[in-house]
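# Observations on chain architecture
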Amino acid sequence: CGGNQSPAAKVLKVGAEATFPPFEFQEENSKEYVGFDVDIMKAIGKQMGMEVQIVNTGFDGLIPALEGSQIDAIASAMTITDERAKKVNFSKPYYKSGLSIVVKSDNVTINNFKELEGKRIAVQIGTTGAEAVKKIKDAKVREYNSASEAYLELKADGADAVVNDLPVNEYYLAKGGSKDAKLVGEVLNAEEYGIAVAKKDTELAGKINKALDEIKQNGEYAKIYEQWFGK
Ligand code: ARG
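Sequence order sets the numbering: in each chain, residues are counted from 1 along the sequence as written. Only residues with pLDDT of at least 70 are given local features in this predicted model, and only at 80 or more are side-chain atom pairs given and counted; all residues enter the totals for whole chains, interfaces and linings. Hydrogens and water molecules were not included; the side-chain quantities draw on all heavy atoms of the structure.

It is worth spelling out the nonpolar core at this point. Counting residues in hydrophobic clusters, the biggest one holds 47 residues, and the most contacted among them are Phe 23, Phe 36, Ile 40, Met 41 and Ile 44. Helical segments are the DSSP runs of H or I of at least four residues, strand segments are the runs of E of at least two, and each set is numbered from the N terminus. Element by element, the count of residues in this core is highest for helix α1 (residues 36-48), at seven residues. For this analysis, residues touch if any pair of their heavy atoms sits within 4.5 Å. Ignoring any residue separated from it by four or fewer positions in sequence, one finds Ile 44 in contact with Ile 195, Ile 208, Ala 211, Leu 212 and Ile 215. The next biggest cluster of nonpolar side chains, apart from the first, holds 16 residues, and it includes Ile 110, Phe 113, Ala 161 and Val 163. Among buried residues, the Ala, Val, Leu, Ile, Met, Phe, Trp, Tyr and Cys ones that are joined through side-chain atoms within 4.5 Å form a nonpolar core. For every residue, the accessible area (1.4 Å probe, protein chains only) is compared with the maximum for its type, and the residue is labelled buried under 20%, exposed over 50%, or partly exposed between those bounds.

Right, dumping it as structure tokens:
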């Protein structure tokens, strides 16, 4: 490299647990990282003149990776919580979400969160879903590294229910899961996703918030939202 070419754009390393469609996942053939979060981060990167590189990381390893400076930011459908905010700097919320329940289509005993008492519940490790179900009386909580493993466990009757983010449950059902599973009950917890950066990285946090405002103003955010969630 070198010569009189313009310098390569700086790279922003973004951690994501990339088996969480439609937010972050790998395209089947190309293995490219795609999804709502990936597009939002690319749009933010463009505003900041930075190139975004996705670093696929276990969900419970994301905050440690940020603290250890292996990544610069997290965009992984991560809910803004007080507990996490003690360790990271969250951007303004960029997506509204909540938790919901998926059970087998023929299940008639679980119709809401109350009826999860005493049941076997599959969740992704380290998530708000895992936290929520641990508070349910006598629940037998089974934690998996990915949401897809939790759905597989339900399919194999190793669990009575999966508790996960509503849009991810909806996507799973829409992409074939509805053949033998369904959504039941209310949506729990109003949750909001935020982009996280290290506590000390206040400058980067400011730039990300500014870029988020810009892509909302210039229509890019709406375009990406429509692409992933439009009917
Ligand atoms: N919103 C939930 C949380 O913050 C689940 C996020 C899981 N994200 C992922 N990419 N696997 O705990």
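As used throughout, domain bounds are those supplied by an automatic or database domain assignment. Domain boundaries in the chain define domain 1 (10-94 + 194-229) and domain 2 (98-191). Each partner contributes to the interface: domain 1 provides 14 residues, whereas domain 2 provides 15 residues. Reported buried area values correspond to the accessible surface (1.4 Å probe) lost by two parts on association, with both partners' losses combined. Looking only at domain 1, the three residues that lose the most surface to domain 2 are Phe 20, Phe 59 and Thr 79, adding up to 40% of its buried area. Any carboxyl oxygen of Asp or Glu that lies within 4 Å of a side-chain nitrogen of Lys or Arg is treated as forming a salt bridge with it. The interface formed by domain 1 and domain 2 holds zero salt bridges in total. Two N or O atoms form a polar contact when they lie within 3.5 Å of each other; inside protein one atom must be a possible hydrogen donor and the other a possible acceptor, and for residues adjacent in sequence the pair counts only when both atoms belong to side chains. Where domain 1 touches domain 2, the interface holds three residue pairs in polar contact (both at pLDDT 80 or more). Nonpolar residues are Ala, Val, Leu, Ile, Met, Phe, Trp, Tyr, Cys and Pro. Charged residues are Asp, Glu, Lys and Arg, and all others, Gly as well, are polar. Partitioning the side of domain 1 that touches domain 2 into residue classes produces eight nonpolar, three polar and three charged.

With that settled, the discussion passes to the site of the ligand. Taken together, the neighbourhood of the ligand is formed by 14 residues, with Glu 17, Ser 76, Arg 84, Thr 128 and Asp 165 sitting nearest. Within the contact set of the ligand, an oxygen atom lies 2.7 Å away from a backbone nitrogen or oxygen of Thr 128. Note that a nitrogen atom of the ligand is positioned 2.6 Å from one of the side-chain N or O atoms of Asp 165. Every accessible area reported is derived by Shrake-Rupley at a probe size of 1.4 Å, with residue values counting cover from the shown protein chains alone. Computed on the free molecule, the ligand has an accessible area of 340 Å², of which 100% lies beneath the protein chains in the complex. The residue inventory of the shell around the ligand, partitioned by class, reads five nonpolar, five polar and four charged. For the shell around the ligand, the domains that each give at least three residues are domain 1 (10-94 + 194-229) and domain 2 (98-191). When at least one non-hydrogen atom of a residue lies within 4 Å of a molecule or strand, that residue is treated as near it.

If DSSP finds at least two bridges between two strands, the strands pair. Relative to strand β9 (residues 140-144), strand β8 (residues 120-124) runs parallel, the two being bridged by five bridges. Bridging from a neighbouring strand, Gln 124 pairs with Tyr 144 of β9. With respect to chirality, the unit in which β8 leads through helix α4 (residues 128-134) into the neighbouring parallel β9 is right-handed. A clockwise course of the path from the first strand over the helix to the second, judged with the strands pointing away from the viewer, identifies a crossover as right-handed.

For α1, with 13 residues, the first-to-last C-alpha span of 18 Å sits near the 18 Å given by 1.5 Å per residue. Counting buried residues in α1 gives ten out of 13 residues, a clear majority hidden from the surface. Buried within α1 are the following residues: Phe 36, Asp 37, Val 38, Asp 39, Ile 40, Met 41, Ala 43, Ile 44, Gly 45 and Met 48. Contact partners of the buried residues in α1: β1 (10-16), β3 (33-34), β4 (50-56), β7 (95-104), α7 (202-217) and α8 (220-229). With its phi angle positive at about 70°, Gly 49 sits one or two positions after the end of α1. Each helix should span, by expectation, one fewer than its residue count multiplied by 1.5 Å.

Here we take up the pattern of salt bridges. Taken as a whole and assessed by the stated rule, the structure comprises twelve salt bridges. In this structure, Lys 92 engages Asp 213 in a salt bridge whose closest nitrogen and oxygen atoms are separated by 2.8 Å. Of this pair, Lys 92 sits in the loop between β6 (88-90) and β7 while Asp 213 sits in helix α7, placing them 121 residues apart in sequence. Among the ionic pairs, Glu 192 bridges to Lys 96, the shortest N-O distance being 3.2 Å. Of this pair, Glu 192 sits in strand β11 (residues 181-193) while Lys 96 sits in strand β7, and the two are 96 residues apart along the sequence.

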